[in-house]
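# Reading the structure
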Amino acid sequence: MIAYLTRRLLYALPILLGVNLLTFALFFGISSPDDMARIHLGGKRVTAEAVERWKVQHGYDLPNFYNAAGEGTDKVTQTLFVQKSLKLFALDFGAADDGRDIGREIGKRMWPSLVVALPTFFLGLAAYLATALFLVFFRNTAIDTVGVILLVALMSISGLFYVIGGQVLLAKWWQWAPISGYAPGFSGLQFLLLPVLIGVVSGIGDSSRFYRALFLEEAGRDYVRTAHAKGLSPFRILFRHILGNAAIPILTGVVVVIPRLFLGSLILESFFGIPGLGSYTIDAIQAQDFAIVRAMVFLGSLLYIIGLILTDLSYAWVDPRVRLQ
Amino acid sequence: MLTLRDLVVSLPDGRHGVDGVSLALEAGRCLVLLGESGCGKSLTALSLMRLLPEGVTIAGGQAHLGAQDLFALPERRMRSLRGGRLAMVFQEPMSSLNPVMTIAAQIEEARAAHGSRQTVAELLDDVGLQPQHAQSYPFQLSGGQRQRALIAMMLAGEPEVLIADEPTTALDVTVQAQILRLLRDLQSRRAMALLLITHDLGIAREMGDTVAVLYAGQVVETVAAQDLFASGGRHPYTRALMQVTPSLGRRGQPLLSLPGSVPLAGAWPRGCRFAPRCSAVAPRCREASPALEAGVRCLFPVGAAPASPDPLQDGVPSRAALGSSPSCASASFGAATPREAATEAVLLEIKNLCVHYPLRRGLLQRTVDWVRAVDGVDLRLNRGETLALVGESGCGKSSLARALLRLQPAATVRGQVRLNGEEILNLRGSTLQTLRRCAQIVFQDPFSSLDPRMRVGDSLEEGLQALRPEMDSAARRQQIERMLKRVGLDVSAMPRYPHAFSGGQRQRLAIARALCIEPQLLILDEPTSALDVSVQAQVLALLRELQAEHGLAYLFITHNLPLVGYFADRVAVMQGGKIVEAGAAESVMAAPQHPYTQALLASAPG
């Protein structure tokens, strides 16, 4: 198992390096530092000196891969690729355009993201599983048919509608919770109510339908017939046998997103004014702050790869066929 | 003890899958339900358990277990009967067990549901499993052990009736013999009634006290097992079943060739349902539906009583001719002499062939050991000859076949294989294409070996295009038409998709596909094991004819020993990657020398 894990981690390195090179090519090949400077300085009447000054200020006055002017190792290290891209590996994200350290900002904004994303994730998972199990228990009845129609209706509605509709209905008219805002600690609990609820509801159509399909597939298997032939109760068959086996595809689909919960949700955070990483990214895109976007893209890939490795480990955990072979 | 009367099972489209089946089981006795696929055997069994698939319903009939009316019980009470007084074992032991629960947990569940007096350890011991198997998961057990575990679960509720639905069909022949012995042993020890469902006459003969033959949703004959095998049965279908089954004793004779195939569930013909395939059909048979009288559902049954099987007694003369009716394959059949003249030329010569798979371990995935699937095999196959390769699952016979066709990664194969005197293991590019022209294969499962989204004509033409580039499209079409006709299909098959054909027809298509190329060597990998016996006889007859016509050499891979005795010229018995015995089929089957061959033959039921 340790050999396997080591091998997987080693495999991850070339992938990350590839991601790094690719983002570098996208950010520095397609739009040069000169373009960045012009965008930030604004308009067409920007002098060449102003561009140079901006580049020096923000550390973009270096060649891409090879610095002929440098000495010794500086020839390689004093380049945009090393300074701006490779340093991401050391989680050194550099400074944003406003001069603030991106790494420290991420460390600070991670918590509000998690405070919203974690309950949304776990409450959501529980709600989707319960809905799917409920429908499967009543399969081939009117309850199932109506349920599926409802789910399809729910998944046909745009996610933005849930946000705006929820804010209008629950916050403005019924005044159950504040429309938006954020406060740390227990006093901030009231602010979480609406984004978590909306996060859960907006995913219910898709996920419950998917889980229902997984459960139905398991319900048609031979071992379920054996369980019936043993005289087991339908509850036991549903929870012990069907859920136990369907947990394998469900869990592995779910585990992959867990590391990325840190990054928060772009839509929820920006609509509810939560100062997390999601709104950080959105703001950076709007402000054309490439340093932040680059850092978030790299972090996203890193967390995704970690998610994939966790997925493979969780396979071994839930499936004895993987664990014991 | 268990009686079933006039069971009617209705399929989702309203047609009947079982149509008036009546059975009676007695304590300590075994009733065999015998029939080909689609005749309603499993539906009957699942009806008794009330475990029919969704949409399939019991539309009529009564079932009584003792005083309990099974079809009238509320579901809750029925649940306590399932796995209790009435238990069932299924065909596929792997998929019938929960893959993520240990054997002990699965047995414990059944114990808890029925308040069993026996412990898990006692139940395991009853079915011949060791205590250490309790904590195993199904995938860690062999096929036979899995089936034993399934039986242990079903014994937990101390059943009075055990239904076994093709319990050994997925198992090797030696394991099959063990499981059948276990079932018979349990039946007598626990005085259970056993309802055994099978398509295998040998199993019926070995296990049954009474045999009920099912055809097209009806019982066509109920007969004491010993009478059945003494007289050959009274219903023409029963008799035909006996005569389409290949065996060493039938060697050199044509098998009875039943035309057509078992009608699809619900699409029964009018009148007697067997009439369209019956060689002794009379005009009345197509009009009147016969009733089950004195154990036979036939207007003109053979013999007045089972004890005196006189085929002429009821005055239907054609009945006597059943064994050699005009529908039998042509006389070209027993003619071994013309083939022998041409056989001296060696077509395929295999020397010291090895297929070794590397086992990789550790951080750097170094090869730590090898799985020796094929380990030093020498074989020779002459033109126009049939060599049977016999062995149980995992013995390496399929790896061998793949290596011969160069479908096996080259790095795993060592040794020499000469086809027409040319070494083929190092062929590349266009010379490899030449090999593919000379050697073709027909796979076991005709349902998965044809691309379901390609028209039959396109599937056949694809191979021709690749391997016979000299043919233009008109020539290809002509060739396909010729081959389709040769295997008993016609041009109308070309624009259709595989799902429009029955299993037997698909296997004919697979044979036509292989023969289009005009190979010299045809590898037949269990070509009939997915087919009903009556269809198997048709395919065998076709293979015989084609061999006589084209001088084809067959490498016939199978685990079916009676079939080897019937069909093969020579046989090689494979165990653990090695050939343990080889020789003329007749002498090996009659007097096996190697202990493994002897064990295989002793295990074959019947």
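These figures come from a predicted structure and were not determined experimentally.

## A look at the packing of helix α11 (residues 234-255) of chain A against helix α14 (residues 290-318) of chain A
Residues and elements named next belong to chain A. Look at α11 against α14: their axes get within 8 Å of each other, and the N-to-C directions meet at 155°. As far as their axial angle goes, α14 and α11 are roughly antiparallel. Handedness of the crossing formed by α11 with α14: right-handed. Here α11 contributes Ile 248, Leu 251, Thr 252 and Val 255 to the contact with α14, which in turn contributes Gly 307, Leu 310, Thr 311, Ser 314, Tyr 315, Trp 317 and Val 318.

## Section: the pairing of strand β6 (residues 86-89) of chain B
All names here are of chain B. Judged by which residues are buried, β6 turns out to be covered on both faces: Leu 86 and Met 88 on one side and Ala 87 and Val 89 on the other are all buried. As judged from the four bridges shared by β6 and strand β7 (residues 161-165), these two strands associate in the parallel manner. Paired with Leu 86 across the two strands is Val 161, which belongs to β7.

## Some details on the sheet that holds strand β4 (residues 57-65) of chain B
Residue and element names in this part refer to chain B. Reading across the sheet, the four strands line up as β2-β1-β4-β5 and stay open at both edges, with antiparallel pairing between neighbours. The open sheet has two free edges, formed respectively by β2 (16-25) and β5 (68-69), since each of these has just one partner strand. Two strands pair when backbone bridges link them, and strand β1 (residues 2-10) and β2 are joined in this way by seven bridges, in the antiparallel orientation. Residue pairing for β2: Leu 7 is matched across the bridge by Val 21.

## Some points on the layout of surface pockets
Residues and elements named next belong to chain A. By volume, the second largest pocket amounts to about 1,100 Å³. Taken together, 41 residues line the second largest pocket, and the ones lying closest to its centre are Thr 120, Gly 199, Leu 261, Gly 264 and Ser 265. Counting residues per element, the ones that place at least two in the lining of the second largest pocket are α6 (102-137), α7 (142-156), α8 (159-173), α9 (189-219), α11, α12 (266-272), α13 (277-286) and α14. Its residues placed into classes, the lining of the second largest pocket shows 24 nonpolar, 14 polar and three charged.

## Considerations on the domain arrangement of chain A
Residues and elements named next belong to chain A. For chain A, the domain assignment lists domain 1 (2-90) and domain 2 (106-324). When each unit is reduced to the centre of its C-alpha atoms, the spacing between domain 1 and domain 2 is 35 Å. Counting from both sides, the interface comprises 19 residues of domain 1 and, opposite them, 16 residues of domain 2. A buried area of about 1,600 Å², summed over both sides, lies between domain 1 and domain 2, and 77% of it is on carbon and sulfur atoms. The interface formed by domain 1 and domain 2 contains one salt bridge. The interface formed by domain 1 and domain 2 contains one residue pair in polar contact (both at pLDDT 80 or more). Counting residues per element, the ones that place at least two in the side of domain 1 that touches domain 2 are α1 (2-30) and α2 (33-41). Counting residues per element, the side of domain 1 that touches domain 2 draws most heavily on α1, which supplies 12 residues. Of the residues assigned to the side of domain 1 that touches domain 2, the class counts are 14 nonpolar, three polar and two charged.

## A few points about the domain arrangement of chain B
Residue and element names in this part refer to chain B. Each assigned domain of chain B is listed with its residue range as follows: domain 1 (2-229) and domain 2 (346-447 + 519-603). For domain 1 versus domain 2, the separation of C-alpha centres amounts to 35 Å. Facing seven residues of domain 1, the contacting portion of domain 2 comprises eight residues. Summed over the three residues of domain 1 that lose the most area to domain 2, namely Glu 36, Asp 172 and Val 173, the buried surface amounts to 61% of that side. For the pair domain 1 and domain 2, the number of links is zero salt bridges. Summed over the shared surface of domain 1 and domain 2, the number is five residue pairs in polar contact (both at pLDDT 80 or more). Looking at the side of domain 1 that touches domain 2, its residues break down into three nonpolar, two polar and two charged.

Each value, and the rule that gives it
- Each residue is numbered by its place in its chain's sequence as written, counting from 1.
- Labels follow written order: the first chain is A, the first ligand is 1, and so on.
- With the structure being a predicted model, the display of local features is reserved for residues of pLDDT at least 70 and the display and counting of side-chain atom pairs for 80 or more, all residues being used for whole-chain, interface and lining totals.
- Remark: hydrogens and water are excluded; side-chain values derive from all non-hydrogen atoms of the structure.
- Here an axis means a line fitted to C-alpha atoms, over the contact stretch when the element is a helix, while the angle between two N-to-C directions is reported on a 0 to 180 degree scale.
- Only DSSP runs of H or I reaching four residues or more are called helices, and only runs of E reaching two or more are called strands; each is numbered from the N terminus.
- For classification purposes, angles smaller than 35 degrees are called roughly parallel, those larger than 145 roughly antiparallel, those between 65 and 115 roughly perpendicular, and all remaining angles oblique.
- By definition, any crossing whose near helix is turned counterclockwise from its far helix by less than a right angle is left-handed, and any crossing with a clockwise turn is right-handed.
- Throughout, a residue-residue contact means that at least one pair of heavy atoms, one from each residue, lies within 4.5 Å.
- Working definition: with a 1.4 Å probe on protein chains only, accessible area under 20% of the residue-type maximum means buried, over 50% means exposed, and in between means partly exposed.
- A pair of strands is treated as paired once DSSP finds two or more bridges between them.
- Both site types are read off a 1 Å grid over the protein atoms alone. A 1.4 Å probe that fits but cannot get out defines a cavity, while an open set with protein on both sides within 12 Å along at least five of seven lines defines a pocket; lining residues have an atom within 4 Å of a point.
- Grid points are joined across faces, edges and corners, and a volume is the space filled by probe spheres set on the points.
- Just so you know the grouping, Ala, Val, Leu, Ile, Met, Phe, Trp, Tyr, Cys and Pro go in nonpolar, Asp, Glu, Lys and Arg go in charged, and all remaining residues, Gly too, go in polar.
- Segment limits for the domains were obtained from an automatic or database-derived domain assignment.
- A quick way to say it: buried area is the sum, across both parts, of accessible area lost when two parts are put together, with a 1.4 Å probe.
- Whenever Lys or Arg places a side-chain nitrogen within 4 Å of a carboxyl oxygen from Asp or Glu, that contact is recorded as a salt bridge.
- Think of a polar contact as two N or O atoms within 3.5 Å of one another; within protein, one of them needs to be a possible hydrogen donor and the other a possible acceptor, and neighboring residues in sequence only count if both atoms come from side chains.

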